[in-house]
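A closer look at the structure
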Amino acid sequence: KTGNCTLAPSLLGVQNIPPTFSFSSFQARLWEINPDGSSNMLTSTRHDGPILSVAWREDGQAVFTAGADRIVKMWDLGKNTAATVAQHEEPVRCVEYVSEQAMNTPCIVTGSWDKSVRYWDVRAPSGQPMGVVPAPERV
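These remarks concern the structure in this document. (Residues numbered from 1 in each chain as written. Predicted model: local features only at pLDDT ≥ 70, side-chain atom pairs only at ≥ 80, totals over all residues. Heavy atoms only, no water.)

Glancing now at the environment of Gln61. If you trace the backbone, Gln61 turns up in the loop between strand E5 (51-56) and strand E6 (62-67). Spatially, the C-alpha atoms of Gln61 and Gly78 are 6.4 Å apart, while their sequence positions differ by 17 residues. (Helix = DSSP H or I, 4+ residues; strand = E, 2+ residues; numbered from the N terminus.)

Okay, structure coming up:
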């Protein structure tokens, strides 16, 4: 599966970030699109299994990637580092970023084939979810 997110930096309210992000199989890539239409890959990050979902942090400076390797990574685009911020017992099928304004705590929400929806504080990942909601089926 391949996914693409084409974004104008102005839509994110952020300047000086490349406008295109793509993911396919095990790798997520950040691209710079030149005025002539050519592109240059700026950086990338990998999972140990296929990437199944991605979400942007609202400031445009981080991307969350979720995968079949059962983990969610936060990829800090400014530092070009990726750290594990969530983990399930089965593949993580979806990840969504929830802004601080919505919950008083910036967090991500993940859904997994382990039949759970989990909430994670991304400011100081502890390895433990803030909350878990059981689901009757795979999410």
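The structure having been displayed, the exposition proceeds.
For the coordinates displayed, the defined rule picks out four salt bridges. Residue Arg57 pairs with Asp59 through a salt bridge whose shortest N-O separation is 2.9 Å. The residue Arg118 makes a salt bridge to Asp114 at a minimum N-O spacing of 3.3 Å. You'll find Arg118 and Asp114 in the same group, each marked buried. (Salt bridge = Lys/Arg side-chain N within 4 Å of Asp/Glu carboxyl O. Buried < 20%, exposed > 50% of the residue type's maximum accessible area, 1.4 Å probe, protein only.)

On to the sheet that holds E5, then. In spatial order, the strands read E5-E6-E7-E8; together these four strands make up an open sheet with antiparallel pairing. The sheet is open, and its two borders are formed by E5 and strand E8 (81-87), each paired with just one other strand. Across this sheet, the average inter-strand angle for adjacent strands is 25 degrees, counted without regard to direction. Relative to E6, E5 is paired through five bridges, and the arrangement is antiparallel. Paired with Ile51 across the two strands is Gly67, which belongs to E6. (Pairing = 2+ DSSP bridges. Axes fitted to C-alpha atoms, helices over the stretch in contact; angles between N-to-C directions.)

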